[in-house]
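One-letter residues, chain by chain:
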Protein chains: 2
Amino acid sequence: MRRRTAGPGATATIADVAARAGVSTATVSRALATPDRVRPELVELVMRAVSESGYTPNNSARTLRTQRSRMVLVVVPSVANQMYAHVLRGIDTGLAPAGYGVIIGNLDNAPNKEGRFVDFAFARQVDGVILLCGFVPGSHGRSMASAGLPMVSILSPIVDSDIPDVGIDDHAAGREAARHLARLGHRRLGYAAGPREHVVDTARWTSFREGALAEGVDPADIVRIEGGEGMRYTYRSGVAAGERFLAMTRRPTAVFCGSDEIAIGFMKVMRDAGVSVPEDVSVMGIDGIEQTDYTHPVLTTIRQPRQDLGRAGAELLLGMMDGRSDAAHRRVRLPFEFLARASTGAPPAEAAGRISQDLAPARMG
Amino acid sequence: MRRRTAGPGATATIADVAARAGVSTATVSRALATPDRVRPELVELVMRAVSESGYTPNNSARTLRTQRSRMVLVVVPSVANQMYAHVLRGIDTGLAPAGYGVIIGNLDNAPNKEGRFVDFAFARQVDGVILLCGFVPGSHGRSMASAGLPMVSILSPIVDSDIPDVGIDDHAAGREAARHLARLGHRRLGYAAGPREHVVDTARWTSFREGALAEGVDPADIVRIEGGEGMRYTYRSGVAAGERFLAMTRRPTAVFCGSDEIAIGFMKVMRDAGVSVPEDVSVMGIDGIEQTDYTHPVLTTIRQPRQDLGRAGAELLLGMMDGRSDAAHRRVRLPFEFLARASTGAPPAEAAGRISQDLAPARMG
DNA sequence: CTGTTAGCGCATTCAG
DNA sequence: CTGAATGCGCTAACAG
């Protein structure tokens, strides 16, 4: 059979609709796309034929013809990660009104999967790309960037590139974390690190350090605690950091963790070891995932506007795909929210070189 | 310019490759798809031309021609939910080797978004659909099912349909939960409900009830605690359930929650109210998200093989898309894992009608 | 305003 | 084994 009749799996073509309405396919196409350029009674006729036949335009034909797929590729390190999942949600929210769909490029923390997604770009399967992974995927020496597609990064700037990005000011975040802990009276600070060499991690660590120094903390008393090889912003990374912390002879009295998950893993190790938070050690995270509201103690954290970041990134990309030149080469910074909560407090009395002035008179000059 | 030259945004076509190799486009196509049917030296020639020009077949053209998009739509209630995110990851893992990509259909707990995804199906933008939402999306009276696409459900059977599904045995899970709590000595049990009328929730509730009855619990002592209107398997639903629990005059001594998130929200309310878990009330969840390892106390739960469920669903769908008839109309049940941990224990002495025989001699007949 | 025509890029006939 | 020709379904020129 050449043309399917109605039935399961049947898909009407524009020709079917045209025949049914007694007009040409061009008229059908116009009646659907630009009804004001078609005589009203014909539009009516076409619409009836469309609904009778259950016609939905074939997407690949349309894409092939128009050279626009109305699809966006989102490359994410791990869909299972709370943070990325929420940004993804924001992206979808921002893209949907413009009629764009989302193809998910899940690297699953295994960079060898990049090739698949590079191909998506070159196969013109998508009109644009949003990166949550902090780098431009590539494979076999071919970078996704050379596909010539509009591209936006969220959560992390892309080094050595002019790819627009949207995120928070990670430097300000790191400094505020340091300030918060220092003002509570802590004089020896730890940073439970995320992935080494990652731009965001570097920004947070260096700015945390700067912030601590600015508060008069001794450089020797700002320690970086690695989470273990190959570990990302995960619970397990926090567990590893916690274990290293326990092994230290001179422990920090407060620890800023590179992510909320790290903080949560870290706190678990403390609890299991009988180290109280915040009495023995203050712990804070960053990201502001919902889960932080449900930890015990409730976690001090820096909330990124996850959903808004996604939406802003989507809108930036939409602008670029529409060829609005003002969209490209931009850098969007959204405000974060500092949530000072129960997991951070004054240092234990014996460890405090100086107690916050709000809490007690200074002991050191 | 008619044909782009190499440069940013350039995309070589099969014609470019053919010209460069000095063969016809048909030969290029064959050299790529079925190299064994082409003279080796020509294959060599083509391959060189391909890599020189950076050719990647245009996907919409190929889709239009072959009537296969090599894309699958995954409809998920909420990408931000841990559970779905992990299943999604498993799906991607299962689909990737077969060369299939994933389009994400995020309902975001707002069913009016269904229409978009119904269109994807009818527009033949995908070759198959995986449902994590427990129902078949539809809009304007048109069901996605009538698009005639292979379809599989994961995590929940679809009522009144012959759509194959993969999941755990929810009835067995509910019964085991009841048994676990009853054997610890609890004689008054609560169920913190998920979305009312949801198949899975119904299965868990009814089987929990059955299991409790089988253990000799009085029917009047099995109470369903609603999480509040419009609430899903979320933390907040657990919070609402916790508040209702506290308001009860005769509280259950153990509560089975419809999801881990519900359990975690519930536990927070208990903690804030000074009700100890498990000393005052035992709490358990179901799903087995990673987060349950990091709660305090560590949450007793029933772990669903999230990733395996996703992979199995993907493989089932692959079979259907390949027209393997044995694939359809199947129902796959994967084993779950009962994790008895610290959040469940014996009931408080004054409340116990009977203490588990492992813990103390029976007080009742 | 409407129909005819062409072609997006590819895979697959059908000849040779 | 290879090339020429065809058409997947659609939209956009171009005529009328």
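Residues numbered from 1 in each chain as written. Chains lettered and ligands numbered in written order. Predicted model: local features only at pLDDT ≥ 70, side-chain atom pairs only at ≥ 80, totals over all residues. Heavy atoms only, no water.

### Description of the relation of the copies chain A and chain B
Then step 1. Under the fitted operation, chain A is carried onto chain B by 0.0 Å of movement along the axis and a turn of 180°, and the coordinates agree to an RMSD of 0.1 Å. Taken together, these values place the two copies in the relation of a two-fold axis.
Then step 2. The overlap is high: 100% of the interface residues of chain A also sit at the interface in chain B, so the same surface is used on both sides. (Least-squares fit on C-alpha atoms with pLDDT ≥ 70 in both. Contact = heavy atoms within 4.5 Å.)

### Considering the protein's contact with DNA strand C
Then step 1. Residues in close proximity to DNA strand C total 26 residues, the closest being A:Thr27, A:Arg39, A:Leu42, B:Ile14 and B:Arg65.
Then step 2. The share of sugar and phosphate among atoms of DNA strand C within 4 Å of the protein is 63%.
Then step 3. Those elements that place two or more of their residues in the surface near DNA strand C are helix 2 (25-33) and helix 4 (59-66) of chain A together with helix 2 (25-33) and helix 4 (59-66) of chain B.
Then step 4. The element contributing the most residues to the surface near DNA strand C is helix 4 of chain B, with four residues.
Then step 5. Residues of the surface near DNA strand C, tallied by class, amount to 10 nonpolar, seven polar and nine charged. (Near = heavy atom within 4 Å. Helix = DSSP H or I, 4+ residues; strand = E, 2+ residues; numbered from the N terminus. Nonpolar A, V, L, I, M, F, W, Y, C, P; charged D, E, K, R; others polar.)

### A closer look at the pairing of strand 9 (residues 222-225) of chain A
Within a regular beta strand, the side chains point alternately toward one face of the sheet and then the other, so they alternate between its two faces.
Residues and elements named next belong to chain A.
Then step 1. Alignment of strand 8 (residues 189-192) against strand 9, held across four bridges, turns out to be parallel. Along strand 9, the bridge assignment pairs Tyr-191 with Arg-224.
Then step 2. For the segment spanning strand 8, helix 8 (residues 199-214) and strand 9, crossover handedness is right-handed. (Pairing = 2+ DSSP bridges. Right-handed = clockwise from strand over helix to strand, strands pointing away.)

### A few points about the environment of B:Arg251
All names here are of chain B.
Then step 1. As for its position among the elements, Arg-251 is in the loop between helix 9 (235-247) and strand 10 (254-257).
Then step 2. Arg-251 sits 63 residues away from Arg-188 along the chain, and the two C-alpha atoms are 7.7 Å apart.
Then step 3. Leave out the neighbours within four places in its chain, and Arg-251 touches Arg-188, Phe-245, Leu-246 and Val-275.
Then step 4. A polar contact is formed between the side chain of Arg-251 and the backbone oxygen of Leu-246, at a distance of 3.1 Å. (Polar contact = N/O pair within 3.5 Å; in protein donor to acceptor, adjacent residues only side chain to side chain.)

### Details of the protein's contact with DNA strand D
Then step 1. Around DNA strand D, the surrounding shell holds 27 residues, and the nearest of these are A:Ile14, A:Tyr55, A:Arg65, B:Thr27 and B:Leu42.
Then step 2. The separation between a phosphate oxygen of DNA strand D and a polar main-chain atom of A:Asn58 is 3.0 Å.
Then step 3. Of the residues assigned to the surface near DNA strand D, the class counts are 10 nonpolar, seven polar and 10 charged.

### As for the UniProt feature "domain: HTH lacI-type" (unreviewed entry) in chain A
Then step 1. Those places that UniProt annotates as "domain: HTH lacI-type" (unreviewed entry) correspond, in this numbering, to residues 12-66 of chain A.
Then step 2. With 71% helix and 0% strand, the stretch residues 12-66 of chain A has end C-alpha atoms that lie 20 Å from each other. (UniProt positions renumbered as here; feature names shortened; annotations may be inferred.)

### Section: the packing of helix 5 (residues 82-95) of chain B against helix 11 (residues 306-321) of chain B
All names here are of chain B.
Then step 1. Packing of helix 5 against helix 11 brings their axes to within 7 Å, and their N-to-C directions diverge by 45°. It follows that helix 5 is oblique to helix 11 by the angle criterion. The handedness of the crossing between helix 5 and helix 11 is right-handed. Counted together, Met-83, His-86, Val-87, Arg-89, Gly-90, Ile-91, Thr-93, Gly-94 and Leu-95 of helix 5 and Arg-306, Gln-307, Gly-310, Arg-311, Ala-314 and Leu-318 of helix 11 form the full contact between these two elements.
Then step 2. Classifying every residue of the contact of helix 5 with helix 11 gives six nonpolar, six polar and three charged. (Axes fitted to C-alpha atoms, helices over the stretch in contact; angles between N-to-C directions. Parallel < 35°, antiparallel > 145°, perpendicular 65-115°, else oblique. Left-handed = near helix turned anticlockwise from the far one by under 90°.)

### Focus: the sheet that holds strand 11 (residues 282-284) of chain B
Each strand in a sheet pairs with its neighbour through backbone hydrogen bonds, running either in the same direction (parallel) or in the opposite one (antiparallel).
All names here are of chain B.
Then step 1. Sheet architecture is open: four strands sit in the order 9-8-10-11, paired in parallel fashion. Here the strands that pair on one side only, and so sit at the sheet edges, are strand 9 (222-225) and strand 11. Averaged over all pairs of adjacent strands, the angle between their axes in this sheet comes to 20°, without regard to strand direction.
Then step 2. Strand direction decides the pairing type here: strand 8 (residues 189-192) and strand 10, joined by four bridges, are parallel. Pairing of Ala-192 across the sheet is with Cys-257, part of strand 10.
Then step 3. Each of strand 8, strand 10 and strand 11 is contacted by helix 7 (residues 170-183), which is oriented at about 160° to strand 10, the strand it contacts most.
Then step 4. Most of the contacts of helix 8 (residues 199-214) go to strand 9, to which it runs at about 160°, and overall it touches strand 8, strand 9 and strand 10.

### A word on the confidence of the model for chain A
Then step 1. Mean pLDDT over chain A stands at 90; residues scoring 70 or higher make up 92%.
Then step 2. This model gives residues 1-8 of chain A a pLDDT under 50, and the stretch forms seven contacts once residues within four places in sequence are excluded. (pLDDT = per-residue confidence, 0-100.)

### With respect to the sheet that holds strand 10 (residues 254-257) of chain A
All names here are of chain A.
Then step 1. Taking strand neighbours across the sheet as the criterion, the four strands line up as 9-8-10-11 in an open arrangement whose pairing is parallel. The open sheet has two free edges, formed respectively by strand 9 and strand 11 (282-284), since each of these has just one partner strand. Neighbour to neighbour, the strand axes of the sheet diverge by 20° on average, direction disregarded.
Then step 2. Packed onto the sheet, helix 7 (residues 170-183) meets strand 8, strand 10 and strand 11 and runs at close to 160° relative to strand 10.

### Points about helix 2 of chain A
Side chains that are three or four residues apart share a direction in an α-helix, a result of its 3.6 residues per turn.
Then step 1. Burial in helix 2 of chain A covers these residues: A:Thr27, A:Val28 and A:Ala31. Along helix 2 of chain A, the residues classed as buried sweep out an arc of 100° about the axis, all on the same side. (Buried < 20%, exposed > 50% of the residue type's maximum accessible area, 1.4 Å probe, protein only. Arc of directions from axis to C-beta.)

### Side note on the interface of chain A and chain B
Then step 1. Chain A puts 55 residues into the contact, and the matching count from chain B is 55 residues.
Then step 2. Of the roughly 4,800 Å² buried between chain A and chain B, counting both surfaces, carbon and sulfur atoms make up 54%.
Then step 3. Among the residues chain A hides against chain B, the three largest losses belong to A:Arg116, A:Tyr235 and A:Tyr294. Together they make up 13% of the total.
Then step 4. Across the contact surface, chain A and chain B share four salt bridges.
Then step 5. Taken together, the connections running from chain A to chain B amount to 24 residue pairs in polar contact (both at pLDDT 80 or more).
Then step 6. Of all the secondary-structure elements, those providing two or more residues to the side of chain A that touches chain B are helix 4, helix 5 (82-95), strand 2 (101-106), helix 6 (114-122), helix 9 (235-247) and helix 10 (260-272) of chain A. (Buried area = accessible area lost by both parts, 1.4 Å probe. Salt bridge = Lys/Arg side-chain N within 4 Å of Asp/Glu carboxyl O.)

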